[in-house]
Structure formats: structure tokens, C-alpha cells
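Examination of the molecular architecture
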Amino acid sequence: MTKQMELLAQGAAKLSVDLNQRQLDQFQTYYRELVDWNQRMNLTAITQYEEVQVKHFLDSLTLCLSVDSTRISGSRVIDVGAGAGLPGVPLKIAFPDIKLALADSVGKKTRFLQHLVETLELTGVAIHTGRAEELARHPELRAGFDLALARGVAKLSALLEYTLPFCKLGGKVAAWKHGGIEEEMADAEAAMGVLGGRLDAVYPVSITGLTDDRVLVAVDKVKPTPSKYPRRVGLPAKQPIKS
């Protein structure tokens with residue numbers, strides 16, 4: 001009989017993240033709630049137990065490849081386009097002292113997130129329903145985060161317009177991507193500069209079970225984002241910043 005969340009525990013240890021029994025129990029509950037709610041709404045196409053452990057939970061923890069775990073602890077983090085809570089909730093379970101904001105434009109998903117946070121008894125989590133273009137103009141959110149995370153949200157040029165306005169100076173955007181993104185990176189170069197970002201690095205994800213050429217794109221916030229960004233809803237994706 002396979003131990004509970006064994007693949008996750010083994011993979012996390014390789015990232016120097018040691019999960020205790022309470023944390024593994026929380027991940028087990030997360031899995032159960034995800035699969036249950038997924039029968040009523042479209043949260044994920046991945047529901048098989050081993051795959052969720054690796055392709056959702058462990059994948060979320062690969063943030064540690066681009067940001068030192070000591071920097072994650074105690075930081076203020078926003079997950080933009082949080083959906084089913086990935087990567088924000090797994091990181092909150094693994095690093096309980098982060099202050100986490102989960103943002104999604106779909107009310108059904110934020111209702112799931114509210115239920116999940118309550119069920120997992122997580123504290124220090126705020127949930128926001130709205131588009132990133134609008135939320136990033138809220139004074140309590142703009143330029144207020146150490147880390148802005150986005151997993152599978154949009155092409156990098158638009159994604160940076162969604163995320164960099166949330167970052168304080170010295171903060172960082174981490175974007176979960178697949179390899180072969182040279183053209184996407186080139187297209188995002190102008191947006192990165194205009195929005196106050198500078199590329200840190202593209203970190204390869206070489207973890208057992210994550211074999212589809214995954215990478216983490218890390219962008220440092222080095223200048224304030226001009227006040228006109230993000231532009232109104234829809235424009236970042238339809239009309240990427242060119243210069």
C-alpha cells in the first residue's frame with residue numbers, strides 16, 4: 001500500500017522542503033476537496049492521485065528552484081489566476097507563515113478557494129474575485145507583494161502586465177512555463193522593460209515526474225510600474241506592449 005502523499009513527500013525533500021505529518025494530511029484533504037468539487041465545476045483535467053501529487057502539488061513547490069526557501073518564508077505572496085489554488089495553496093501549506101492572496105476572475109473558483117482555505121484551517125489568506133487588470137489598481141494590492149506567481153495564465157508579455165504591478169521594488173514574478181519559449185521570451189522583452197522588470201533567469205525544472213520540459217521564468221522588479229499599467233481589461237492579451 002502506497003503511503004499517503006508519498007510521491008509528494010519524496011519530491012519535496014529533493015527541493016529541501018520537509019513536509020511534516022500535519023502538512024501531508026492537509027495535502028490529502030486538498031486532494032479530496034479538489035476531486036469532489038471538480039465533479040461540479042471545471043477545476044482541473046488532472047485528478048489521478050499520483051498525478052495530482054506530482055503535476056500539481058510538487059510542481060507548485062518548484063518555486064524553490066528560483067527563489068530560496070528562506071526568502072519564501074514570511075513573504076507576502078499573490079497567486080494571479082489562482083484557479084484551483086495552484087501554486088499558492090501548496091506553497092501556503094509548505095510555508096505556513098507566508099501571507100497569501102489568491103486572485104481569480106471566476107466567482108465559482110473563488111468560492112472553492114474560500115471553502116478550501118476554511119477546510120484546511122489556513123490563516124493569513126485573502127481571496128479576491130476580479131480581473132488582474134482591475135485588482136492591480138487597488139491601493140492595498142498594488143506594489144505590495146514580495147512574490148507574484150502565475151501558473152499557466154497567459155503568454156509572458158500579457159502575464160507580466162498582470163503580475164509586475166503587484167510586486168514591490170525588489171520583488172519577483174515567477175511564471176510556470178514549458179520549454180521552447182524563446183520566441184515568447186523575445187516577444188515579452190519590451191513589456192518587461194516598460195513594466196519595471198528585469199529577467200533574473202529561466203530555471204529548468206528537473207524533478208522526477210515533471211518530465212515535460214518545464215521551466216520557471218523569474219523576473220525581478222527593479223523599477224516602479226508606470227501608473228497607466230495594467231491597461232483596461234483585455235488589452236494586455238490583445239495588444240501586447242511593443243515598446
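Below, the structure is looked at part by part. (Residues numbered from 1 in each chain as written. Predicted model: local features only at pLDDT ≥ 70, side-chain atom pairs only at ≥ 80, totals over all residues. Heavy atoms only, no water.)

Attention now goes to helix α3 (residues 49–61). The first and last C-alpha atoms of α3 sit 17 Å apart over 13 residues, in line with the 18 Å expected at 1.5 Å per residue. Of all 13 residues making up α3, 10 are buried, and the element is well covered by its neighbours. The complete set of buried residues in α3 reads Y49, V52, Q53, V54, H56, F57, L58, D59, S60 and L61. Packed against the buried residues of α3 are α1 (6–14), α2 (21–38), α5 (88–94), β4 (145–151), β5 (167–178) and β7 (214–221). (Helix = DSSP H or I, 4+ residues; strand = E, 2+ residues; numbered from the N terminus. Expected span 1.5 Å × (residues − 1). Buried < 20%, exposed > 50% of the residue type's maximum accessible area, 1.4 Å probe, protein only. Contact = heavy atoms within 4.5 Å.)

Attention shifts here to the packing of α1 against α3. Where α1 meets α3, the closest approach of the two axes is 8 Å, and the angle between their N-to-C directions is 30°. Considering their axes alone, α1 and α3 lie roughly parallel with respect to each other. Note on packing geometry: the crossing formed by α1 with α3 is right-handed. In this structure, α1 contributes E6, L7, L8, G11 and A12 to the contact, and α3 contributes E50, Q53, V54, F57, L58 and L61. Among the residues making up the contact of α1 with α3, the classes are represented as 7 nonpolar, 2 polar and 2 charged. (Axes fitted to C-alpha atoms, helices over the stretch in contact; angles between N-to-C directions. Parallel < 35°, antiparallel > 145°, perpendicular 65-115°, else oblique. Left-handed = near helix turned anticlockwise from the far one by under 90°. Nonpolar A, V, L, I, M, F, W, Y, C, P; charged D, E, K, R; others polar.)

The next thing to look at is the nonpolar core. Y30, F57, L63 and F112 are the most contacted members of the largest nonpolar core, which totals 51 residues. Counting only elements with at least two residues in this core, the list comes to α1, α2, α3, α5, β2 (99–104), α6 (107–119), β4 and β5. F112 has contacts with E33, L34, W37, M41, L43 and A84, leaving out every residue within four places of it along the chain. Listed in part, the 32 residues of the second largest apolar core include A136, F166, V219 and I241. (Core = buried A, V, L, I, M, F, W, Y, C linked by side-chain atoms within 4.5 Å.)

Once that is clear, we can look at unusual backbone geometry. Along the chain, L86 connects to P87 via a cis peptide bond; the corresponding omega equals 10°. With respect to the secondary-structure elements, P87 resides in the loop between β1 (76–80) and α5. With phi around 55°, E121 is a residue other than glycine that occupies positive phi space. Residue placement: E121 occurs in the loop between α6 and β3 (125–129). Taking relative accessible area as the criterion, E121 reaches 59% and is therefore assigned exposed.

On to the packing of aromatic side chains. Under the counting rule described, the total for this entry stands at 5 aromatic pairs. When the centroid spacing of 4.8 Å and the interplanar angle of 35° are considered together, the rings of Y30 and F57 count as tilted. Taken together, the residues Y30 in helix α2 and F57 in helix α3 connect sequence positions 27 residues apart. Note that R76 overlies the ring of F145, its terminal NZ or CZ placed 4.2 Å from the centroid. (Phe/Tyr/Trp six-rings, centres within 6.5 Å; stacked < 30°, edge-to-face > 60°. Lys NZ or Arg CZ within 6 Å of the ring centre and 35° of its normal.)

Another point: the packing of α2 against α3. Remark: α2 packs on α3, axes separated minimally by 11 Å, with the N-to-C direction vectors making an angle of 110°. Considering their axes alone, α2 and α3 lie roughly perpendicular with respect to each other. Across from F27, Q28, Y30, Y31 and L34 in α2, the residues of α3 making contact are Y49, V52, H56 and F57. Considering only residue class, the contact of α2 with α3 consists of 7 nonpolar, 2 polar and no charged.

Purely spatial values, then, with no claim about function.
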